[in-house]
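Overview (structure and organization)
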Amino acid sequence: PVDGQAFLIRSCNNEYTAISRLSADYLNSVAMISRSSRFEGMAIFRHRNGTYYLITSHLSGWEPNPLTLFRAEGATLDDPRWRNMGNPTRNNVSFNSQPTFVVEVVPSHASPYFLYMGDNWLHAGMQGLQDAAYVWLPIRFGQNSVFLDYRTAWDVEDPFAPRGTWLKPRLEGGRARSRQSGLNSDERETF
C-alpha cells in the first residue's frame, strides 16, 4: 500500500458493504470504518491523484448485471462519500463479468493505466464453473467519466490504440515484446 494502510472490503451477509482497516501486519481487521449499500464482487483501487474508486456488481445470483462505479468524494476511506458514476461498461450485463480485481499496469513506453479483471461465470469452459473464464480490459478515464470498453484484443503496451493498429508481438532476445502502434505521445490517454 502507498501509505502503509490496508483495507478489507466485503459484502456482509448480503445486507451491506463494509470496509475495514487492517492491522499493521495485515493479518486482522482493526475496525469497520465505512458501511454502504449492498453489493458484491467489489474491487477498490486508488488513482495516482489519490482518489479512491470502487467498481462492483449487484446481487443477482449467477445472472450477470450492470456494473456500478463509485468515486470517493472524501479524502479517505473512513468517510468516502461515494458518488455513483453509473455503469462504466454501458452494457446491461457488463460483458457477463463481475469485478475481481483492478491493478495498475506500467507499460515500458507509455503512461500507466488501470486494468479491470472480472470473472465470467457464464462462459465457463468444459469443466463448468471450476473452469470459468476471465475478462481483462483497460480502464479509460475521461474528463468526468470512466469507461470500460469491450475489446476482443488489445495491446498491453498501448491499450487505447485505435482498433486495427495493434501489431502482433515479435520476439526479441527470447522474450515477446509488443511493437509501438505509431501513435504520438500526445495522442495517447494520460492519467
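Residues numbered from 1 in each chain as written. Predicted model: local features only at pLDDT ≥ 70, side-chain atom pairs only at ≥ 80, totals over all residues. Heavy atoms only, no water.

**Details of the sheet that holds strand 10 (residues 133–141)**
Spatially, the 4 strands line up as an open sheet ordered 8-9-10-11, and their pairing is antiparallel. In the strand order of this sheet, the two ends are held by strand 8 (98–105) and strand 11 (146–148), each with one partner. Between one strand axis and the next, the sheet turns through 30° on average, direction left out of account. (Pairing = 2+ DSSP bridges. Helix = DSSP H or I, 4+ residues; strand = E, 2+ residues; numbered from the N terminus. Axes fitted to C-alpha atoms, helices over the stretch in contact; angles between N-to-C directions.)

**Some details on the sheet that holds strand 4 (residues 40–46)**
Strand pairing in a sheet takes place through backbone hydrogen bonds and is either antiparallel or parallel in direction. Strands sit in the order 4-5-6-7 across an open sheet of 4 strands; the sheet is antiparallel. Every interior strand has two partners, whereas the edge strands, strand 4 and strand 7 (82–84), have only one. Each adjacent strand pair in this sheet contributes to an overall mean axis angle of 25°, direction not counted. Where strand 6 (residues 68–72) meets strand 7, 3 bridges bridge the pair, whose relative direction is antiparallel. Opposite A72, over in strand 7, you have W82 as the bridge partner.

**A short note on the confidence of the model for the protein chain**
Of the residues in the protein chain, 83% have a pLDDT of 70 or more, and the chain-wide mean is 82. Predicted confidence is poor over residues 167–191, with pLDDT under 50, and the contacts of this stretch with residues over four places away or in other chains come to 41 contacts. (pLDDT = per-residue confidence, 0-100. Contact = heavy atoms within 4.5 Å.)

**Side note on the pattern of salt bridges**
Note on pairing: side chains with opposite charge can pair once their charged atoms come close. Inspection of the entire model under this criterion finds 6 salt bridges. Measuring nitrogen to oxygen at the nearest pair gives 3.2 Å for the salt bridge that ties E73 to R71. Looking at R71, the relative accessible area reads 18%, which means it is buried. Close ionic contact of R81 with D79 constitutes a salt bridge, the shortest N to O distance being 3.1 Å. Given a relative accessible area of 42%, D79 falls into the partly exposed group. Residues joined by salt bridges that share partners form a network here, namely R90, R140 and D149. (Salt bridge = Lys/Arg side-chain N within 4 Å of Asp/Glu carboxyl O. Buried < 20%, exposed > 50% of the residue type's maximum accessible area, 1.4 Å probe, protein only.)

**Here we look at the pairing of strand 1 (residues 7–12)**
Pairing geometry for strand 1 and strand 2 (residues 16–22), over 6 bridges, is antiparallel. What sits directly across from I9, in strand 2, is I19. What sits between strand 1 and strand 2 in their antiparallel hairpin is a turn of 3 residues, with N13 showing a positive phi close to 55°.

**What to know about the packing of aromatic side chains**
Tallying each qualifying case throughout the model produces 8 aromatic pairs. For the ring pair F45 and F114, a centre distance of 5.0 Å and an interplane angle of 45° mean the geometry is tilted. Highlighted residues: F45 in strand 4 and F114 in strand 9 (residues 113–120), separated in sequence by 69 residues. Comparing F45 with F114 shows no difference in burial state: the two are buried. Ring centres of Y53 and F141 lie 5.3 Å apart, and the angle between their planes is 75°; this geometry places the pair in the edge-to-face category. Taken together, the residues span a long stretch of sequence, with Y53 in strand 5 (residues 52–57) and F141 in strand 10 at a distance of 88 residues. We note that Y53, like F141, is buried. Ring pairs connect the aromatic residues F45, Y53, F114 and F141, which therefore count as one cluster. (Phe/Tyr/Trp six-rings, centres within 6.5 Å; stacked < 30°, edge-to-face > 60°.)

**Focus: the nonpolar core**
Counting 22 residues, the largest nonpolar core has F45, I55, V102, Y116, I139, F141 and L148 as the members making the most contacts within it. Here the element with the most residues in this core is strand 9; it accounts for 5 residues. In this structure, I33, M42, L54 and A72 belong to the second largest nonpolar core, which totals 11 residues. (Core = buried A, V, L, I, M, F, W, Y, C linked by side-chain atoms within 4.5 Å.)

**What about the environment of D78?**
Positionally, D78 belongs in the loop between strand 6 and strand 7. Each C-alpha atom, one on D78 and one on I19, is 8.4 Å from the other, the two residues being 59 residues apart in sequence. The contacts of D78, once residues within four sequence positions are left out, are R21 and I33. In terms of polar contacts, D78 uses its side chain to reach the side chain of R21, at 2.5 Å. (Polar contact = N/O pair within 3.5 Å; in protein donor to acceptor, adjacent residues only side chain to side chain.)

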